[in-house]
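Breakdown of the fold
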Amino acid sequence: MQTVAPLVEIYTSEAGAVYQCNRRNRLRLHFAGTQTTLKVEAFLRLRKVVEGINLHEMATSTNRCSDFEVITICGCDRCFVLTLPELIAFKELLDGARFMLELNSMLHECLHAEVA
């Protein structure tokens with residue numbers, strides 16, 4: 001009998017949500033009506049790629065190729081094709097999830113620190 005691993009909510013915005021599966025050590029990204037399961041390392045690579053996109057340049061460019069961005073990363077079987085508004089929402093979702101992961105890590109370290 002296989003049981004479903006419980007998901008812990010990491011961060012939620014109007015655009016989507018990020019959940020953590022402690023049993024499989026994965027993050028589940030819900031965005032634009034789809035779900036993507038990522039290892040933590042792949043999630044961090046995805047965030048870094050999104051951070052590297054110049055949103056200002058994309059917004060001010062008149063080239064048709066600037067209307068969207070194609071994002072692929074190693075360790076993810078999904079290709080994201082996002083418009084500028086979707087990219088802004090996606091960036092907020094990834095940044096919020098990253099902040100919450102760092103905060104949880106710091107709290108865990110503080111609570112489990114040995115008193116010297």
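Residues numbered from 1 in each chain as written. Predicted model: local features only at pLDDT ≥ 70, side-chain atom pairs only at ≥ 80, totals over all residues. Heavy atoms only, no water.

1. Observations concerning the nonpolar core
- Counting residues in hydrophobic clusters, the biggest one holds 23 residues, and the most contacted among them are Leu 29, Leu 46, Ile 71, Phe 80 and Phe 90.
- At the level of elements, strand S3 (26-31), helix H1 (40-51), strand S6 (80-83) and helix H3 (84-111) are the ones that each hand at least two residues to this core.
- No other element matches the 6 residues that H3 contributes to this core. (Core = buried A, V, L, I, M, F, W, Y, C linked by side-chain atoms within 4.5 Å. Buried < 20%, exposed > 50% of the residue type's maximum accessible area, 1.4 Å probe, protein only. Helix = DSSP H or I, 4+ residues; strand = E, 2+ residues; numbered from the N terminus.)

2. As for the packing of aromatic side chains
- Across all of its chains, the model carries 2 aromatic pairs by this definition.
- Between Phe 31 and Phe 90 the ring centres are 4.7 Å apart and the planes differ by 50°, which places this aromatic pair in the tilted class. Note that Phe 31 is positioned in strand S3 and Phe 90 in helix H3, a separation of 59 residues in sequence. Each member of the pair Phe 31 and Phe 90 is classed as buried.
- Between Phe 80 and Phe 90, the aromatic rings sit 5.1 Å apart at their centres with planes inclined by 35°, giving tilted as the arrangement. You can see Phe 80 sitting in strand S6 and its partner Phe 90 sitting in helix H3, a full 10 residues away along the chain. The same class applies to Phe 80 as to Phe 90, namely buried. (Phe/Tyr/Trp six-rings, centres within 6.5 Å; stacked < 30°, edge-to-face > 60°.)

3. Let's talk about the sheet that holds strand S2 (residues 16-21)
- What the 4 strands build is an open sheet, ordered S1-S2-S3-S4; its pairing is antiparallel. For this open sheet the edge positions go to strand S1 (7-12) and strand S4 (34-39), each flanked by a neighbour on one side alone. Shown here is a sheet whose adjacent strand axes are inclined to one another by a mean of 25°, direction ignored.
- Strand direction decides the pairing type here: S1 and S2, joined by 5 bridges, are antiparallel. Each bridged residue has a counterpart across the sheet, and for Thr 12 the counterpart in S2 is Ala 17.
- Against the sheet, H1 makes contact with S3 and S4, and its axis sits at roughly 110° relative to S4, the strand it touches most. (Pairing = 2+ DSSP bridges. Axes fitted to C-alpha atoms, helices over the stretch in contact; angles between N-to-C directions. Contact = heavy atoms within 4.5 Å.)

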